[in-house]
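Chain residues, written in single-letter form:
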Amino acid sequence: MQTDRIIAFVMAGGQGARLQPLTTGRSKPSVPFGARYRIVDFVLSNLVNSQIQTIYLLVQYKSQALIEHVRKAWTISPLLQSQFVTVVPPQMMTGEHWFQGTADAINQNINLIEEHRPDLVVVFGADHIYRMDIRQMVEFHKERKADVTIAALPVPLRDAQGFGVIAADTDGRIQAFEEKPAHPTPLASDPTQAYASMGNYIFDANVLVKALKETQEAGETDFGQHVLPRLLRTHRLFAYDFATNEVPGILPYENRVYWRDLGTIDAYFEAHQDVLGHEPVFDMFNPDWPIFSSGYQGPVARILGGEIRNSLLGAATMIHEGAKISNSIIRRETVIEEDVVLEDCIVMDYARIGRGARLRKVIVDRHNIIEAGDRIGFDAVKDRQRFHVSEGGVTVIPMGRVNYFARDNRGSGRGGYAE
């Protein structure tokens with residue numbers, strides 16, 4: 001049986017302006033998530049687990065951290081030429097400009113489609129936390145002889161007003177697109193819900209190439225605004241119901257249709273709460289559908305004492321006596337000194353929290369030192385004088401000096417552990 005030739009483009013060039021200050025020195029897809037991952041790892045893992053392993057990662061703004069992460073963590077197979085994750089910056093093949101939109105980003109790399117001659121082209125975003133068997137969406141696409149298939153998330157009508165909405169018939173054939181409508185078209189099967197576009201697409205390769213050339217001639221740049229509405233008039237476009245996707249290993253207590261756009265600090269913070277607990281909404285442990293990431297070679301966490309409740313600890317973290325940590329995520333090579341109290345916090349890699357410090361609902365970015373006895377997260381007025389405080393009351397401490405490491409003396413020239 002002949003296997004479809006599929007290549008994937010992952011859109012990883014966004015600025016992530018609403019996720020500031022976490023995106024001050026890095027792109028949104030490279031922002032750390034959980035105790036060991038980065039946001040981009042989720043879409044890449046979904047693709048690889050779905051046996052789609054010819055992957056181009058299109059980058060643009062503040063891309064160095066993402067490039068380094070992919071170089072260190074995402075070498076699939078040096079022996080098989082069709083299995084790779086390759087970073088592609090703007091090539092300026094069509095003019096002296098960066099990517100002007102999603103369609104323009106693919107159009108600037110249309111030579112890659114022509115080189116591989118695939119049957120299907122998968123175009124996915126890199127900004128979301130979810131698990132998805134993309135092969136099931138491919139089968140849906142083929143069964144309906146679709147030219148384009150768009151992943152769609154059923155959401156309550158009251159929430160659909162903030163999304164691009166897809167109006168479709170009972171078979172999934174798309175009838176119209178509605179951008180943040182005041183009155184969203186409900187599902188044909190459920191009048192209380194509507195389809196929100198997830199921004200993930202499968203294209204027939206020939207249809208895509210022709211559409212991109214027409215779009216370029218018209219001076220248009222975006223899939224959602226330009227390419228898809230144009231194709232809807234002449235081609236077969238379908239909505240794939242993400243709620244029907246079945247990923248192996250999902251446990252009964254999890255939200256089987258979990259999908260989070262980490263567009264803001266508060267959304268980012270809340271998604272971390274979803275991975276905590278005895279029965280988390282999104283359980284990071286799933287051997288049947290793993291999320292791959294860095295091959296960090298450091299040792300396991302060391303707990304010298306203290307009280308730890310409902311928290312995740314990254315590798316090589318050190319917890320000292322008297323520390324109290326609850327509902328928090330501590331990433332690798334972090335040092336929590338004596339008598340520290342952390343409540344509802346995210347502490348990223350290579351940070352040191354000084355003796356007696358008290359932090360509540362705080363995100364500490366990488367390479368930071370929190371001084372002994374400091375209190376953060378208890379007085380929003382004072383916190384705003386030093387840091388960023390979100391609408392939801394999350395205090396964010398921006399990334400510190402990148403040459404600061406909490407546990408060792410790398411400044412002497414030693415390389416330390418690889419990420």
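Right above here is the structure, for reference.
Within any chain, residue numbers begin from 1 and follow the written order of that chain's sequence. Under the rules for a predicted model, residues below a pLDDT of 70 receive no local features and side-chain atom pairs below 80 are neither given nor counted, while totals for whole chains, interfaces and linings still include all residues. As a rule here, side-chain values come from all non-hydrogen atoms in the structure, and water together with hydrogens is ignored.

Undergrad: What should I look at first to understand the pattern of salt bridges in this one?
TA: For side chains bearing opposite charge, pairing can occur when the charged atoms are close. Any Lys or Arg side-chain nitrogen located within 4 Å of an Asp or Glu carboxyl oxygen qualifies as a salt bridge. Under the counting rule described, the total for this entry stands at 18 salt bridges. The salt bridge partner of arginine 352 is glutamate 337, with a shortest N-O separation of 2.8 Å. With a gap of 15 residues between them, arginine 352 in strand 23 (residues 352-353) and glutamate 337 in the loop between strand 20 (335-336) and strand 21 (341-343) connect regions that are remote in the sequence. Between buried and exposed lies partly exposed: a residue is buried under 20% and exposed over 50% of the maximum accessible area for its type, with that area taken using a 1.4 Å probe on protein chains only. Looking at arginine 352, the relative accessible area reads 23%, which means it is partly exposed. Given the relative accessible area of 17%, glutamate 337 is considered buried. One salt bridge in this structure joins aspartate 339 and arginine 358, with 3.6 Å as the shortest N-O distance. Taken together, the residues aspartate 339 in the loop between strand 20 and strand 21 and arginine 358 in strand 24 (residues 358-360) connect sequence positions 19 residues apart. Residue classification places arginine 358 among the partly exposed positions, given a relative accessible area of 21%. Taken together, the salt bridges that share partners define one network made up of Arg331, Arg332, Asp349 and Arg366. In DSSP terms, a helix is any run of H or I states spanning at least four residues, a strand is any run of E spanning at least two, and both are numbered starting from the N terminus.

Undergrad: So what exactly am I meant to see when it comes to the sheet that holds strand 21 here?
TA: Pairing between sheet strands relies on hydrogen bonds along the backbone, with the strands arranged either parallel or antiparallel. We treat two strands as partners when DSSP finds at least two bridges between them. Sheet architecture is open: five strands sit in the order 15-18-21-24-27, paired in parallel fashion. Of all strands in the sheet, those with a lone pairing partner are strand 15 (307-309) and strand 27 (375-376), marking the two edges. Where strand 21 lies against strand 24, three bridges are found, and the strand directions are parallel. Across the sheet, residue valine 341 finds its bridge partner in strand 24, namely arginine 358.

That's the geometry; what it means functionally is another story.
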